[in-house]
Amino acid sequence: MAYDTKPSFWAGLRWPVKALIIAAPIVAGIWAASKFDLIPGLKTDTSKEIKKSDIGNDVVDSKDATGMLPVPDVNDIEFAEMSGKPEVRLMNWVWFGNAGIYAANGGLKTAKGSLMEKYNVNLKMLTNNSVSDMKREQLAFIKDYAAGNKNPSTGVHFVTLMGDGFPAYIAAMNEQITKAYGKEYNLKTVGIVGFSMGEDCVMGPAEWKTNPQSMKGSVVSAVIGDGDWALHVRYAADNNIKVNPDPGTYDANAINFIPAPDDDFLKAADEVIAKRSVTLKVKDDNGKLTGKTVDKKIDGAATWFPGDRNIVKNTQLQKIISTKQYPNQMATVVVGCDKWMKENSQAVTNFLNASLTATNQIKQHDQWFKYACDLSPKVFCASATDCSETAEDWYKYAMPGGSTMANSSGNQIPVGGTQMANLADNKKYFGIGGGNNIYKSVYTYFSSVLKDLNPAGFMDNVKGLTPYEEAVDLQYLSQVGVDAGQTAKADYSKNKGEVFANRSWKIEFATGSDKITPQGEAELQKLFDALNIAENAKVSIVGHTDNVGDATANKDLSFKRAKSVKQWLMKKSGNNFPSERFSVDGKGQDEPLADNTTPTGKAQNRRVQISFSE
């Protein structure tokens, strides 16, 4: 999330403003633009159905037998003597996804005996919840560096962002950087150090979880373009629900978003708690304003911890969807200037050596996890009295999946949730050494969201999006020489059968056959990407036909087509998708979606229904 001016250090300490898709506040009286922000006001448009999700459920919480390193004493920390070592600066949000970095550093500045000192990295961390400030500081660094200063004292070398917001951030930044300094100074990500694992979420009525279609016509408070907004957009896409891209307007057949006050997700939660209503301009099915207005109650919020905790404490609302189902969406990506990183490759590799050693320790050993929790207030707060979250809060809610608390109805609701990413997780996430490139799917999907929804007219203000191949540089990870640790394997025997995504896929087959057409294979590639990332989800594949021909033959054909889809996916995965992950069925013409008396209806009924369950 972006602000006009830098917030006070302690004003932003309630939780990370994990910003992303829209790096700038939205204008036209709703948002204020800052110097480097490229997104103007949202334009009126038809509500849209976004492409099926390419991101999903990849649990990376696992333990291995790596021995525990000595745990520093959080109450006995001294600054390391780093004279002669150029200072490297990193700007971060108040997000436990950064815990591996500050645990390796011993706090905001490199501590004596820390992992960063061991690897000769003189790191200074700067906590700031403003993406506008992150952009300004990275541009200041690049300006100084491009002027010939090999060790700039202004700006920051790195920022950490959410992986889903990186496509928008890099598109906006690289366009400016290329124009002013040259393409060699563009930004790239070099790895990840954590994941949101449940904390980023959609809070709403319980019916939304059991019947996602009930979200049509709802009003949700969110920071438009933030990752939690994107989480709701994807959840809608996975369940065939349209999204109204224009805040301030109302479409009865879509999910409608309103901007959270001050672009603050805690205030998004407050809007729901206060049961506030808003007046919206009514749109017709073609996206045209009718001239009428309607007063609507705010039904839900896209938020994060402690916003989810505040809603649970004060309402009967529940957590509908979160990064627990889609944990790969919000990896903590490390982003720096390409030219500086190439000219200081050993420093980049050593930074990763130290950080990924710490993340591996935190993943495995409770003492290291507690150490990171104890450090958190020291990193995020000016003093203990200024903290809204204590070390005890982090210890309870920052673990993978978070914890639970009762809402006003007495139901236990999950709250919080973060996960570290070690070297093994990096290799898996980026497909290093073979396998499927998960982050490429994440990056591609959120690029498609920008293109399809064009939130805030984003695509009207940039020349284009940065291709994945130009946004990621894995050479530094390939040089990391620390214990990789382990990354989890999906265990489908633990699946509870709770469906969180269900929609029709238009997979085309040859007439009267189960042979998949080239057009069908293109659609299956998208499904493959989705399943590749939703690694822990079981998949139901159900074939359907129209009513042309014999009913018994149609049922047999629909089953064969569903089986062909399963076989295609398994073959594409190199048998990384086990057979027991899938269930296959054929309903023939028995469950039509539309009228079989029209060509359009028949086309709708010829489908493959895919659902994901956890």
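Counting starts from 1 at the beginning of each chain's written sequence and moves along it residue by residue. Restriction of local features to residues with pLDDT of at least 70 applies here, the model being predicted, together with a cutoff of 80 or more for giving and counting side-chain atom pairs; totals for whole chains, interfaces and linings are based on all residues. The basis for the side-chain values is all heavy atoms of the structure; hydrogens and waters are excluded.

**Some details on the nonpolar core**
Right, so step 1: Formed by 161 residues in total, the largest nonpolar core has its most connected members in Phe96, Tyr439, Leu569 and Phe612.
Right, so step 2: Put simply, a nonpolar core is a bunch of buried Ala, Val, Leu, Ile, Met, Phe, Trp, Tyr and Cys residues held in one set by side-chain atoms that sit within 4.5 Å of each other. Exposure is judged per residue with a 1.4 Å probe applied to protein chains only, and the accessible area is read against the type maximum: over 50% gives exposed, under 20% gives buried, and values in between give partly exposed. The next biggest cluster of nonpolar side chains, apart from the first, holds six residues, and it includes Ala168, Leu450, Phe458 and Leu465.

**Topic: the sheet that holds strand β8 (residues 249–250)**
Right, so step 1: Only strands that DSSP links by at least two bridges are regarded as paired with each other. Runs of E in the DSSP output that reach at least two residues are strands. Runs of H or I that reach at least four are helices, and both are numbered from the N terminus. The three strands are arranged β8-β10-β11 in an open sheet whose pairing can be described as mixed. Since the sheet does not close on itself, it has two edges, and those belong to β8 and β11 (289–297), each with one partner.
Right, so step 2: Pairing analysis gives six bridges linking strand β10 (residues 277–283) to β11, with the strands arranged antiparallel. From the neighbouring strand, lysine 281 faces β11, where its bridge partner is threonine 293.

**Topic: the sheet that holds strand β20 (residues 582–588)**
Right, so step 1: Pairing in this open sheet of four strands is mixed, and the strands run β18-β21-β19-β20 from one edge to the other. Of all the strands in the sheet, the pair left with one neighbour each is β18 (499–505) and β20. Recorded for the sheet is a direction-independent mean angle of 15° between the axes of neighbouring strands.
Right, so step 2: Bridge analysis of strand β19 (residues 538–544) against strand β21 (residues 607–613) gives seven bridges, and the strand direction is antiparallel. Residue lysine 538 lies in a different strand from β21, and its bridge partner there is serine 613. Helix axes are fitted to C-alpha atoms over the stretch in contact, other axes to C-alpha atoms as well, and angles between N-to-C directions run from 0 to 180 degrees.

**Some words on the packing of aromatic side chains**
Right, so step 1: Think of it this way: a Phe, Tyr or Trp ring, Trp meaning its six-membered ring, pairs with another when their centres are within 6.5 Å, and the plane angle makes it stacked under 30 degrees, edge-to-face over 60, tilted otherwise. Inspection of the entire model under this criterion finds 28 aromatic pairs.
Right, so step 2: Aromatic pair tyrosine 445 and phenylalanine 446: ring centres 5.1 Å apart, planes at 80°, arrangement edge-to-face.
Right, so step 3: Aromatic ring contacts, followed pair by pair, group Phe166, Phe195, Tyr429, Phe430, Tyr439, Tyr443 and Tyr468 into a single cluster.
Right, so step 4: Arginine 234 extends its terminal NZ or CZ atom over the ring of tyrosine 326, reaching a point 3.5 Å from the ring centre. For a lysine, the NZ atom is tested; for an arginine, the CZ atom; a charge sits over a ring if that atom is within 6 Å of the ring centre and within 35 degrees of the ring normal.

**A short note on the environment of arginine 234**
Right, so step 1: Structurally, arginine 234 is set in helix α6 (residues 227–237).
Right, so step 2: For arginine 234, a relative accessible area of 0% puts it in the buried group.
Right, so step 3: Each C-alpha atom of the pair arginine 234 and tyrosine 445 lies 9.4 Å from the other, and the pair is 211 residues apart in sequence.

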